[in-house]
Amino acid sequence: MRVVVGVSGTPAGAAALHRAAAEARQRGADLWTVLAWQLPGRDRTQRDTWREAAVARLREILDEAFGPAGPGVTLAGLTAVGTPGAVLVDVARAPDDVLVVGAGQRGPLRRLLRPSVARYCVARAACPVLVVPPSPLLAELGAVHRRNVWGLPLDARGLDGVTS
């Protein structure tokens, strides 16, 4: 049995990775982390360079997520060329696999520019799919960032008990 998780280096991807590790520990399964990547442009001469960069990025993501202690289960890392949804569905093809993906934040513009990996996987996977919603803290962080960009004052109503 495997728990397969798509990783991307985003906060939503980190939440999915930690949830997948918890699922693997609970089920006594191996944890397979998958980083899908695509060649930029049509230049195939640098394929090995891009593959090495993807492997290094996957190692970096796993080190940031688990540190030297690791996730507490058998861990396998895979990088593959392709779109994330298609790669994940291809890797998690056994009926007893569990596929874990992050939902991420989907604004109207992002929906137009990038299809949802989670929706793709739910519609096409041969195994159960667990979609991990984004953290509410991520939405709050985005709101603070927008306020900073626009030079708006901080809304201190939710800061009860904080003194300066």
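Analysis parameters
Residues numbered from 1 in each chain as written. Predicted model: local features only at pLDDT ≥ 70, side-chain atom pairs only at ≥ 80, totals over all residues. Heavy atoms only, no water. Core = buried A, V, L, I, M, F, W, Y, C linked by side-chain atoms within 4.5 Å. Buried < 20%, exposed > 50% of the residue type's maximum accessible area, 1.4 Å probe, protein only. Helix = DSSP H or I, 4+ residues; strand = E, 2+ residues; numbered from the N terminus. Contact = heavy atoms within 4.5 Å. Axes fitted to C-alpha atoms, helices over the stretch in contact; angles between N-to-C directions. Left-handed = near helix turned anticlockwise from the far one by under 90°. Nonpolar A, V, L, I, M, F, W, Y, C, P; charged D, E, K, R; others polar. Phe/Tyr/Trp six-rings, centres within 6.5 Å; stacked < 30°, edge-to-face > 60°. Lys NZ or Arg CZ within 6 Å of the ring centre and 35° of its normal. Polar contact = N/O pair within 3.5 Å; in protein donor to acceptor, adjacent residues only side chain to side chain. Salt bridge = Lys/Arg side-chain N within 4 Å of Asp/Glu carboxyl O. Pairing = 2+ DSSP bridges.

### Details of the nonpolar core
In terms of nonpolar packing, the biggest core is built from 22 residues, with Val 3, Val 5, Val 7, Leu 17, Leu 31 and Val 100 touching the most fellow members. Those elements that provide at least two residues to this core are strand E1 (2-6), helix H1 (11-27), strand E2 (30-37), helix H2 (47-66) and strand E4 (98-102). Ignoring anything within four residues of it in the chain, the contact list for Val 3 reads Ala 20, Glu 23, Ala 24, Arg 27, Ala 29, Asp 30, Leu 31, Trp 32, Val 98 and Val 100. Core analysis: the next-biggest nonpolar cluster, separate from the first, contains 13 residues, Ala 80, Leu 88, Val 101 and Ala 118 among them.

### Quick word on the packing of helix H3 (residues 84-91) against helix H5 (residues 117-124)
Between H3 and H5, the least distance of the axes is 9 Å, while the angle of their chain directions is 35°. H5 is crossed by H3, and the crossing has right-handed handedness. Together, Pro 84, Gly 85, Ala 86, Leu 88 and Val 89 of H3 and Val 117, Tyr 120, Cys 121 and Arg 124 of H5 make up the contact between the two elements. The residue makeup of the contact of H3 with H5, split by class, is seven nonpolar, one polar and one charged.

### Here we look at the packing of aromatic side chains
Counted under the stated rule, the structure contains zero aromatic pairs. Directly above the aromatic system of Trp 32 lies the positively charged group of Arg 2, at a separation of 4.3 Å from the ring centroid.

### Concerning the side chain of Arg 2
Along the chain, the position of Arg 2 falls in strand E1. Within the local environment of Arg 2, its side chain forms a polar contact with the backbone oxygen of Val 91, the two atoms lying 2.6 Å apart. A distance of 2.6 Å separates polar atoms of two side chains, one belonging to Arg 2 and the other to Asp 97. Apart from the residues lying within four places of it in its own chain, the contact partners of Arg 2 are Ala 29, Asp 30, Trp 32, Val 91, Ala 92, Arg 93, Asp 96, Asp 97 and Val 98.

### Some words on the pattern of salt bridges
Applying the stated criterion to the full structure yields six salt bridges. The partner of Glu 23 in a salt bridge is Arg 27, and the shortest N-O contact between them spans 3.0 Å. With Glu 23 and Arg 27 both in helix H1 and four residues apart, this pair spans about one turn of that helix. The class of Arg 27 is partly exposed, set by a relative accessible area of 41%. Between Arg 57 and Glu 60 there is a salt bridge, with the nearest N and O atoms lying 2.5 Å from each other. With Arg 57 and Glu 60 both in helix H2 and three residues apart, the pair spans about one turn of that helix. Owing to a relative accessible area of 40%, Glu 60 belongs among the partly exposed residues under this scheme.

### Looking at the sheet that holds strand E5 (residues 129-132)
Across the sheet, five strands lie side by side as E3-E2-E1-E4-E5; this open sheet has parallel pairing. Both outer strands of the open sheet, strand E3 (75-81) and E5, are each paired with one neighbouring strand and no more. Here the strands of the sheet are splayed against their neighbours by 25° on average, with no regard to which way each runs. Note that E1 and E4 share three bridges and pair parallel. Its bridge partner lying in E4, Val 5 is registered against Val 100. Lying on the sheet, H2 is in contact with E2 and E3; it crosses E2 at an angle near 135°. Its contacts with the sheet place H3 against E1, E2, E3 and E4, and it is angled at close to 150° to E2.

Read these as geometric descriptors, not functional statements.
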